Amino acid sequence: MENLKILSTTDVHGYKDNGLKNILDLDRDLFIDNGDFFIGSPVTFYSYLKEKENPFIKIANQLNYDVMIPGNHDLDFGIEYLKNIVKKLNCEYICANLVGIDDNLIFKPYAVIERKGIKIAVIGLLTEGFSMLTGKYCPQEVYVRNPEEVLRNILDEIKGNVDFIVVCYHGGATIDPVSNKRWFYSSIEDGAGELISQFPEVNSFIYGHQHFTNAFINGKTCVIQPGSYGKFVGIQEVNISVNSILQNKVVKLEAEKWGVLDNDYEKWLNEKAPISEFTNYIKKTYKADKYLLEFKSKTIQEFANELEIPFKLGFYEVPGEGTVLATPGKIDNRYLKKNIIDTFFGNFLMSCLSKGKTTF
C-alpha cells in the first residue's frame, strides 16, 4: 500500500478570497470539509435573502471535495435549505448523528472511499450542543444524537471492512487531545478531546468549530483543527504499510481573489443601510439601554464595518487565527480581528427581513 494524503478545511463560512484557491494546486488523495462551509459571510446571506443559489456550492465543486459534513451554522437557514443546496454537490455529504423529526438520519452516516487500494471510512459528526447554537426553530426540525454512542456503533459496524478510519467532528475541544489535561470547563458542545481518547482505533480525527489551528499526534491518531475562514488547510499524510505518520500540520494559505460571484452583490452592499430597524432589533432582543446605538453609516458596507458587538463572545465564535496552545488556560489571541457581519449583522438580517422578499 502507498502513502495516503488527506487535506481538510473547516469553518470556511463563505469566505472565498483568503486562500481557498491555493488548494486547487495541492496534491491530495482525499479532500474533506468539516462543516460551516456554506453560511457566514455577506455574500452567503445575500444569496439567501435574494433567493439565489448559494455560490459556495460551485466553489465546493471546483475545489473537488470528496466529503463534506454540516456544521451548526450550515443549518442557520433551516434544514430544508441545506438539503436543497447540497443536492448539487459533486461529493458525499454525510452526518451520522443528525436526524429529522421522524428520528431518521437526514444524510448518510459515513462514506467508504477507495484510494490506491485503500478502503477509507469517513464518518461525520455534529456537535451535540447544536440546540444551544442556533435559532429557536432549528431544534424543532432536527435532533443531534450523542456523538460517542453513534461513533461506537459505526465503528463496530465497519470493523474489519476498512483499512483507514477518518472521523470528522464539527465541535471543539476542552481537553488537550494528547495529555488529556483540561483546557476549559467540560461542554457537550466541544467533545473532541473525549472522543479522541475513547476511540484510539481512529486513524485521522478532524475537528473544528472553535476557529483555532491545532495539530496533534495522539498514539496512532492524527488530530487536526485547520483554522477558519478559508485561511488554512490541514495536511495529514500516513504510510499505511508501516502505519507511520509522515505529516500532520496546518498550513497558512496565501490570500488570492477568486473572482466575482454575483454581479448584483456589490450593488446590494451600497444600498441604504436599515439603521432604525437594526437599533429596534437590538433594543427588543438585548439590554440595549446599556450600549450606545448611534451609527454614522449610510450603506450596508459602511454599517458592517462600523458595527461592534456589545457583549463578549464565546471562544467558538471568535473570528481570526487564534491558536489554542497545549497549556491550560492560555490562548494565543494575537490575530483576533473584528469580523462582525457574519455574526451579529447576519442575525439581524434573518430576524428583520422576510426570506428573500424584503429589500432596503
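Residues numbered from 1 in each chain as written. Predicted model: local features only at pLDDT ≥ 70, side-chain atom pairs only at ≥ 80, totals over all residues. Heavy atoms only, no water.

Undergrad: Can you lay out helix 3 (residues 79-86) for me, pointing to particular residues and giving the numbers?
TA: When we look at burial in helix 3, the residues that qualify are Ile79, Tyr81, Leu82, Ile85 and Val86. With its buried residues spanning 160° around the axis, helix 3 presents them on a single face. Against helix 1 (42-49), helix 2 (55-63), strand 4 (92-93), strand 5 (98-100) and strand 8 (142-144) lie the buried residues of helix 3. (Buried < 20%, exposed > 50% of the residue type's maximum accessible area, 1.4 Å probe, protein only. Helix = DSSP H or I, 4+ residues; strand = E, 2+ residues; numbered from the N terminus. Arc of directions from axis to C-beta. Contact = heavy atoms within 4.5 Å.)

Undergrad: Talk me through the pattern of salt bridges; I want residue IDs and the actual numbers.
TA: For the structure on display, the rule yields 12 salt bridges. Across the salt bridge formed by Lys108 and Glu92, the nearest N and O atoms sit 3.1 Å from each other. Here Glu92 lies in strand 4 and Lys108 lies in the loop between strand 5 and strand 6 (110-115), a separation of 16 residues in the sequence. When its relative accessible area of 42% is taken as the criterion, Lys108 is described as partly exposed. (Salt bridge = Lys/Arg side-chain N within 4 Å of Asp/Glu carboxyl O.)

Undergrad: Explain the layout of surface pockets residue by residue, including any values.
TA: Estimates place the volume of the second largest pocket at around 420 Å³. Looking at the second largest pocket, it is lined by 15 residues, and the ones nearest its centre are Lys16, Asp17, Lys257, Tyr265 and Glu266. At the level of secondary structure, the elements contributing two or more residues to the lining of the second largest pocket comprise helix 1 and helix 6 (265-269). When the residues that make up the lining of the second largest pocket are grouped by side-chain class, the tally is 6 nonpolar, 4 polar and 5 charged. (1 Å grid on protein atoms, 1.4 Å probe; cavity = no way out; pocket = protein on both sides within 12 Å on 5 of 7 lines; lining within 4 Å. Points joined across faces, edges and corners; volume = space filled by probe spheres on them. Nonpolar A, V, L, I, M, F, W, Y, C, P; charged D, E, K, R; others polar.)

Undergrad: So what's going on with the sheet that holds strand 2 (residues 30-33)? Residues and values would help.
TA: Taken in spatial order, the 6 strands line up as 4-3-2-1-13-14 in an open sheet, and their pairing is mixed. Each end of this open sheet is capped by a strand with a single partner; those strands are strand 4 and strand 14 (244-252). Relative to strand 4, strand 3 (residues 67-68) is paired through 2 bridges, and the arrangement is parallel. When the sheet's bridge partners are listed, Val67 is paired in strand 4 with Glu92. (Pairing = 2+ DSSP bridges.)

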